[in-house]
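An overview of the molecular structure
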Amino acid sequence: MDPTPDSPSSRRALLVGLLAWALPGAGHFALGRRGRAAWFAALTCLALLTGLALAGNLHRPVSGQPLTYLATLGAMGMGLVYFVLEVGLGYAGDPTAAGYEYGTAFLLTAGLMNLLLALDAWDIANGRKD
Amino acid sequence: MSHFGLMTLYAFLLGGFFAVLWRRERRDQWRLFWQVFGGLLAGALVLGWLMYLLPPGPPPAGP
């Protein structure tokens with residue numbers, strides 16, 4: 001049976017989900033799945049670093065272009081890294097770079113992968129998944 | 001890195017990610033990894049050759 005929305009286990013699951021979103025692999029690490037956490041962190045970081053090395057676009061909302069909102073949500077899936085890059089470092093990518101489109105795909109994929117990890121960690125913490 | 005190299009890296013990342021996320025047994029993980037990895041690579045090559053059969057678009061506009 002699922003825990004009630006304000007039960008301690010539900011709050012813990014929410015915290016684990018948030019932790020998983022904030023740092024790739026951290027949610028699974030907190031749940032004791034250390035081997036899987038290491039794989040997830042490595043694969044997500046490899047996607048992220050490849051995207052950055054190719055100077056891909058880190059999506060941000062553009063008024064009048066609804067799809068950019070969706071893409072931004074996907075890119076924000078990479079958690080704190082998104083805000084560090086976007087706000088802290090002012091990263092914008094380079095549209096003239098040869099690997100720009102590929103880099104954009106890698107960055108968006110890193111965000112989407114981490115979103116899936118956050119949902120997976122949340123499900124495990126809730127007892128809905130092994 | 002070449003287009004093919006980047007495509008291979010992308011397929012490797014997704015194959016590894018979904019294998020660890022969706023499977024628990026090592027043997028099942030390897031099977032899913034090869035299915036995703038091979039499917040992405042082979043699918044991209046097949047689609048690429050199918051697009052080769054399509055008529056080319058108009059030439060790019062000059063400066």
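Because the structure is a prediction, the values reported are computed rather than measured.

Here the focus is the overall build of chain A. Broken down by element type, chain A carries six helices and zero strands. C-alpha extents for chain A along the principal axes are approximately 50 × 35 × 25 Å. Split by element, the accessible area of chain A, about 6,800 Å² in all, is 71% carbon and sulfur. Treating the 8 positive side-chain charges of chain A as one cloud and the 8 negative ones as another, the clouds have centres 10 Å apart.

This brings us to a nonpolar patch on the surface. All names here are of chain B. A cluster of nonpolar side chains, namely Phe4, Leu45, Val46, Leu47, Trp49, Leu50, Tyr52 and Leu53, defines an oily patch on the protein surface of about 950 Å² accessible area. Examining the composition of the nonpolar patch, we find that six residues originate from one element, helix H2 (residues 26–52), more than from any other. Under the relative-accessibility criterion, phenylalanine 4 is labelled partly exposed at 44%.

This brings us to the interface of chain B and chain A. Tallying the contact residues gives 13 residues for chain B and 18 residues for chain A. Buried surface at the junction of chain B and chain A, summed over both partners, amounts to about 1,500 Å²; 79% is from carbon and sulfur atoms. At the boundary of chain B and chain A, one finds zero salt bridges. Where chain B touches chain A, the interface holds four residue pairs in polar contact (both at pLDDT 80 or more). Of the residues in the side of chain B that touches chain A, the class split is ten nonpolar, two polar and one charged.

Another aspect to go through is unusual backbone geometry. Of note, alanine 55 of chain A is a non-glycine position whose phi angle comes to about 60°, a positive value. Mapped onto the elements, alanine 55 of chain A comes out in the loop between helix H3 (34–53) and helix H4 (66–76).

So, on to the packing of aromatic side chains. All names here are of chain B. Considering all chains together, one arrives at 13 aromatic pairs over all chains under this definition. An angle of 80° between the planes, with centres 5.8 Å apart, marks the rings of tryptophan 34 and phenylalanine 37 as edge-to-face. Remark: phenylalanine 37 and tryptophan 34 occur in helix H2; sequence separation between them is three residues, near one turn of the helix. A relative accessible area of 14% means that phenylalanine 37 is categorised as buried.

Right, let's get into H4 of chain A. All names here are of chain A. Taken together, the buried positions of H4 are occupied by Thr68, Ala71, Thr72, Gly74 and Ala75. All buried residues of H4 fall inside an arc of 160° around its axis, so they share one side. Across from the buried face of H4, at angles greater than 90 degrees, the exposed residues are Pro66, Leu70 and Leu73. Check the buried side of H4 and you find it contacts helix H5 (80–88) and helix H6 (100–126).

We now examine the environment of leucine 80 of chain A. Residue and element names in this part refer to chain A. Structurally, leucine 80 can be placed in helix H5. A C-alpha to C-alpha distance of 18 Å links leucine 80 and glycine 93, two positions 13 residues apart in sequence. Ignoring any residue separated from it by four or fewer positions in sequence, one finds leucine 80 in contact with Trp21 and Ala22.

Moving on, we get to the nonpolar core. With 30 residues, the main nonpolar core has Leu58, Met78 and Phe106 of chain A together with Phe17 of chain B as its most contacted residues. Those elements that provide at least two residues to this core are H3, H5 and H6 of chain A together with helix H1 (3–22) and H2 of chain B. Broken down by element, the residue count for this core peaks at ten residues, all from H1 of chain B. For methionine 78 of chain A, the residues in contact, after removing those within four places along its chain, are Trp21, Ala22, Leu48, Leu58, Leu85, Leu107, Gly111 and Asn114 of chain A. If you look at the next biggest cluster of nonpolar residues, it comprises eight residues, including Ala13, Leu31, Ala118 and Ala121 of chain A.

Conventions used here
- Residues numbered from 1 in each chain as written.
- Chains lettered and ligands numbered in written order.
- Predicted model: local features only at pLDDT ≥ 70, side-chain atom pairs only at ≥ 80, totals over all residues.
- Heavy atoms only, no water.
- Helix = DSSP H or I, 4+ residues; strand = E, 2+ residues; numbered from the N terminus.
- Areas by Shrake-Rupley, 256 points an atom, 1.4 Å probe, with all protein chains shown as cover.
- Lys, Arg positive; Asp, Glu negative; His and termini not counted.
- Charge placed at Lys NZ, Arg CZ, Asp CG, Glu CD.
- Patch = residues over 30% accessible without salt bridge, like charges linked within 9 Å, V, L, I, M, F, W, Y side chains within 5 Å.
- Salt bridge = Lys/Arg side-chain N within 4 Å of Asp/Glu carboxyl O.
- Buried < 20%, exposed > 50% of the residue type's maximum accessible area, 1.4 Å probe, protein only.
- Contact = heavy atoms within 4.5 Å.
- Buried area = accessible area lost by both parts, 1.4 Å probe.
- Polar contact = N/O pair within 3.5 Å; in protein donor to acceptor, adjacent residues only side chain to side chain.
- Nonpolar A, V, L, I, M, F, W, Y, C, P; charged D, E, K, R; others polar.
- Phe/Tyr/Trp six-rings, centres within 6.5 Å; stacked < 30°, edge-to-face > 60°.
- Arc of directions from axis to C-beta.
- Core = buried A, V, L, I, M, F, W, Y, C linked by side-chain atoms within 4.5 Å.

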